[in-house]
Amino acid sequence: TLGFTRDELFATHASGIGMEVPAGRDIGERYTAEMSLLSRGGRVIPVEISVRVIEYGGEPLQVVVARDIGERKRLQDKANARMGRFRTLAENSPDCIMHLDAQLLCTYANPAFKQLLEDLTDAQIIGQSVESFLTPVVNRLEVIERLCKVVRDRALQEFEIHLHTPSGDRVY
C-alpha cells in the first residue's frame, strides 16, 4: 500500500504520489499504463494503472485503479537475467544448440548450429519444424517421438540425431 489513509489519499492530488494521468480523454475510453508511485514513506512502487473515463455530474471523471506490479517486475528481471546467462553460454558454445517450442518449431539456434547447417540465417531456421532438419532415414520417427516426450514431460533426455544441410549433406 501507499501508506495513506483513505481521506489523505482523496485529499492528495495525483501528482503528489507521482501519478500523471493524461487529461482530455473521451467518456467511455479505457487505457492502461505502467508507472511508479511514491508511498507516504518515500518508497517507489511500480504499478500498472487502469483508467476508465466516466460521466459524473455531467462532467468526465477518470476512475483510476492502480495495481502493485513490483513482484512481477522482480520475477521478470530475474527471468531476463537467467535468459541472458543462457544466451551467453549458448552463443559461445561449440556445441549445436536449438530451442524448440511445444509444436517442435525452432525458436532459437546458436551460431554453432547455424554454421553446421551451412551458415543458415535466423530467418531460414526460426519457425521451422525440427523435421525439416532431420535426415530422412533410419530413426526419424523415433527422434520425433523422443522430442515430443521431452516437450511433454519437461524432462531432459540424451540422444543423438542426424541432421542434413539444405544441400542434402548429412551432418551430426
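See above for the structure.
Residues numbered from 1 in each chain as written. Predicted model: local features only at pLDDT ≥ 70, side-chain atom pairs only at ≥ 80, totals over all residues. Heavy atoms only, no water.

J.: Just checking my understanding: could you explain the pairing of strand E3 (residues 59-68) for this structure?
T.: Judged from the 10 bridges that link them, strand E2 (residues 44-56) and E3 form a sheet pairing that is antiparallel. From the neighbouring strand, tyrosine 56 faces E3, where its bridge partner is glutamate 59. Connecting E2 to the antiparallel partner E3 that follows it, the hairpin turn spans two residues, and glycine 57 within it adopts a positive phi of roughly 60 degrees. (Pairing = 2+ DSSP bridges. Helix = DSSP H or I, 4+ residues; strand = E, 2+ residues; numbered from the N terminus.)

J.: Explanation requested: the packing of aromatic side chains in the structure shown.
T.: Think of a pair of aromatic rings as described by two things: how far the centres are apart, and how the planes are tilted against each other in angle. Following the criterion strictly, the structure yields one aromatic pair and no others. Between phenylalanine 86 and tyrosine 108 the ring centres are 5.9 Å apart and the planes differ by 65 degrees, which places this aromatic pair in the edge-to-face class. Separated by 22 residues along the polypeptide, phenylalanine 86 in helix H2 (residues 70-92) and tyrosine 108 in strand E5 (residues 106-109) bring together distant segments of the chain. (Phe/Tyr/Trp six-rings, centres within 6.5 Å; stacked < 30°, edge-to-face > 60°.)

J.: Please clarify how a nonpolar patch on the surface should be interpreted in this entry.
T.: Together, Tyr56, Leu61, Val63 and Val65 give the surface a local cluster of nonpolar side chains, amounting to about 380 Å² of exposed area. Take the nonpolar patch: its biggest share by element is three residues, from E3. Within the secondary structure layout, leucine 61 lies in strand E3. For leucine 61, a relative accessible area of 38% puts it in the partly exposed group. (Patch = residues over 30% accessible without salt bridge, like charges linked within 9 Å, V, L, I, M, F, W, Y side chains within 5 Å. Areas by Shrake-Rupley, 256 points an atom, 1.4 Å probe, with all protein chains shown as cover. Salt bridge = Lys/Arg side-chain N within 4 Å of Asp/Glu carboxyl O. Buried < 20%, exposed > 50% of the residue type's maximum accessible area, 1.4 Å probe, protein only.)

J.: Even after reading the chapter, I still don't get the environment of methionine 35, so can you show me in this structure?
T.: Tracing the sequence through the fold places methionine 35 in strand E1 (residues 30-38). For the pair formed by methionine 35 and alanine 66, sequence separation is 31 residues and the distance between their alpha carbons is 9.4 Å.

J.: Which parts of the structure should I look at to understand the nonpolar core?
T.: Where a protein is soluble and globular, its nonpolar side chains tend to be buried together. Counting 16 residues, the largest nonpolar core has Phe113, Leu117, Ile125, Phe133 and Leu163 as the members making the most contacts within it. Elements supplying a minimum of two residues to this core: E5 and helix H5 (140-153). Counting residues per element, this core draws most heavily on H5, at three residues. Not counting the four nearest positions on each side in its chain, phenylalanine 133 is found in contact with Met98, Phe113, Leu117, Leu120, Gln124, Ile125, Gln128, His162, Leu163 and His164. Listed in part, the eight residues of the second largest apolar core include Met35, Leu37, Ile49 and Val51. (Core = buried A, V, L, I, M, F, W, Y, C linked by side-chain atoms within 4.5 Å. Contact = heavy atoms within 4.5 Å.)

J.: Is there a simple way to think about the sheet that holds E2 in this case?
T.: Pairing between the strands of a sheet is mediated by backbone hydrogen bonds and can be parallel or antiparallel. In spatial order, the strands read E1-E2-E3; together these three strands make up an open sheet with antiparallel pairing. The sheet is open, and its two edges are formed by E1 and E3, each paired on a single side. The mean inter-strand angle of the sheet, taken between neighbouring strand axes irrespective of direction, is 35 degrees. This element, H2, spans E1, E2 and E3 of the sheet and lies at about 130 degrees to E2. (Axes fitted to C-alpha atoms, helices over the stretch in contact; angles between N-to-C directions.)

J.: Can you help me understand H5 in this one?
T.: Helical periodicity: at 3.6 residues per turn, an α-helix aligns residues three or four positions apart in one direction. Between its terminal C-alpha atoms H5 stretches 20 Å, which fits the 20 Å expected from 14 residues at 1.5 Å a residue. Val143, Ile144 and Leu147 are the residues of H5 that are buried. The arc that holds every buried residue of H5, seen down its axis, measures 100 degrees, which confines them to one face. In H5, the exposed positions angled more than 90 degrees off the buried face are occupied by Leu141, Glu145 and Arg152. Contacts made by the buried residues of H5 are with strand E4 (98-100). One or two positions beyond H5, positive phi appears at arginine 154, with a value near 55 degrees. (Expected span 1.5 Å × (residues − 1). Arc of directions from axis to C-beta.)

All quantities given are derived from atomic positions and should not be read as evidence of function.
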